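Structure at a glance
The residues making up each chain are set out below.
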Amino acid sequence: MIKLKLLEAFDKIKIDTVDITNGTSLVDGLGMDSQELIELHCAIESVFGITIQSDLILEAQTFQNLIDILSIHLSSCNDTSQTVQEENNQKQIGYEGWLERKMIINRPAQEVYKALHCLTKWVTYLPHVKKIEVLYDDGLYQEFIMHVLSTDDSILKVRSVRKIDASNQIRYFQPEPPKFLKHHAGEWEINVITSEQTELIARHFWNLNNDEDSITSCTLGITHDRVEKILGDHALFAMENWKSILEGGVYQ
Amino acid sequence: MKIEKSVNISARLARVYQVFYDFEHWKKSLSDVLDYNLYYDDGFHQEFCMVVARPERDEKIKGMRFCEPNKRIEIFQTIPPPQFKIMSGCWDFFCDENTVLVVARRNFELKNSMLNGLDAESIKKNLAMYLQKNLNCFKNYIEGHYVNYYQ
């Protein structure tokens, strides 16, 4: 993981990171001078086994900046013809946690895609979805608020942003994820097996919320394993719903 | 309507991408960018608001971006500019040794056929000119030639 390797780089140049948080300033918080920043650049190249422009490291203000810079840099590739697997590898590098769940649905891929695409119909077919407010929709990008029935019978409002580009993927992210997450994104992948059979894949990507000034995943006792269980169960619940609806022939 | 402009930048791909990705660099390279707020950024998705100087009044640009590191940044404005129904686009990054070709595309739709006395083709021409100007500013910033086109 990027964070652990970064801490290793700091350790290499004998910078004390006992109380470090993502928001810690390299200069004011860790007391680093310009020489130490240069040494950090070398240590990062050594620990990560990469070559990276020094100004990218020298311009970093906080520990989080370094994580962000390295997340992007580690996924750099001169070959622009990436496969879906390579793109997923990038996301796995950029996020602390991720999961994947798969399901076979015995219906054509275009039907599965249509069901996931037409979010205004979700209220009709998905019992836990009580309302969809579409804030923006230009046919390619969408922003909407989904009102869902939570396990304690309260209504949870989830704002999502999606990209629907008629490929076999629907990408989304939540600009306001649950409090225990700093970041949450995901995607649906719809693969043709046969003319009447489709593989539906749900992926979730996340970073835990470790910000000092908010309710953190630590405060709530949330771990990566717990997040994987919560999101994984939700993904399976959603896919089982769609399988039942589509194979039951009720979707119009 | 669609427009497309491009520029070649002599720098490493990761550096070029970083400048387009990080709004702090936008403030340094585009003098009409006054301020920005980044509400969400996970390295692949962003929600932002940017304030840009315009002749009549400052304009707030609210939007989302889908980012594929070192490959593409897509953008759409959740609140399009006044008189526009849609404003979206992307930057694609193509690397060739030490040069990066940045291709910028914009897709827009007007609410009416005329805007401030200009027809759609004139607006398209103006937007294309503005798009190229911005690309040139990024090029100069990245290559180290600080020329302020907006003075």
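Heads up: the structure comes first, above all this text.
Residues numbered from 1 in each chain as written. Chains lettered and ligands numbered in written order. Predicted model: local features only at pLDDT ≥ 70, side-chain atom pairs only at ≥ 80, totals over all residues. Heavy atoms only, no water.

**Topic: the packing of aromatic side chains**
Within this structure, the stated rule accounts for 22 aromatic pairs over all chains. Relative to Phe144(A), the ring of Trp122(A) lies with its centre 6.0 Å away and its plane at 85°, an arrangement referred to as edge-to-face. Linking Trp122(A) in helix H7 (residues 122–125) with Phe144(A) in strand E3 (residues 141–149), this pair joins segments that are 22 residues apart in sequence. With 6.1 Å between their ring centres and 25° between their planes, Tyr141(A) and Phe66(B) make a pair best called stacked. Highlighted residues: Tyr141(A) in strand E3 and Phe66(B) in strand E4 (residues 59–68), drawn from two different chains. (Phe/Tyr/Trp six-rings, centres within 6.5 Å; stacked < 30°, edge-to-face > 60°. Helix = DSSP H or I, 4+ residues; strand = E, 2+ residues; numbered from the N terminus.)

**Points about the interface of chain B and chain A**
Listed per partner, the contact involves 32 residues of chain B and 37 residues of chain A. Of the roughly 3,100 Å² buried at the junction of chain B and chain A (both faces included), carbon and sulfur atoms supply 57%. If you look at where chain B meets chain A, you find 2 salt bridges. Here Lys163(A) ties to Glu74(B) by a salt bridge, and the two come within 2.5 Å at their closest N and O atoms. Per-element tally for the side of chain B that touches chain A: the top contributor is helix H1 (residues 13–21) of chain B, with 6 residues. (Contact = heavy atoms within 4.5 Å. Buried area = accessible area lost by both parts, 1.4 Å probe. Salt bridge = Lys/Arg side-chain N within 4 Å of Asp/Glu carboxyl O.)

**Brief notes about helix H3 (residues 120–143) of chain B**
For H3(B), with 24 residues, the first-to-last C-alpha span of 34 Å sits near the 34 Å given by 1.5 Å per residue. Once H3(B) finishes, Gly144(B) follows within two positions and takes phi at roughly 95°, a positive value. (Expected span 1.5 Å × (residues − 1).)

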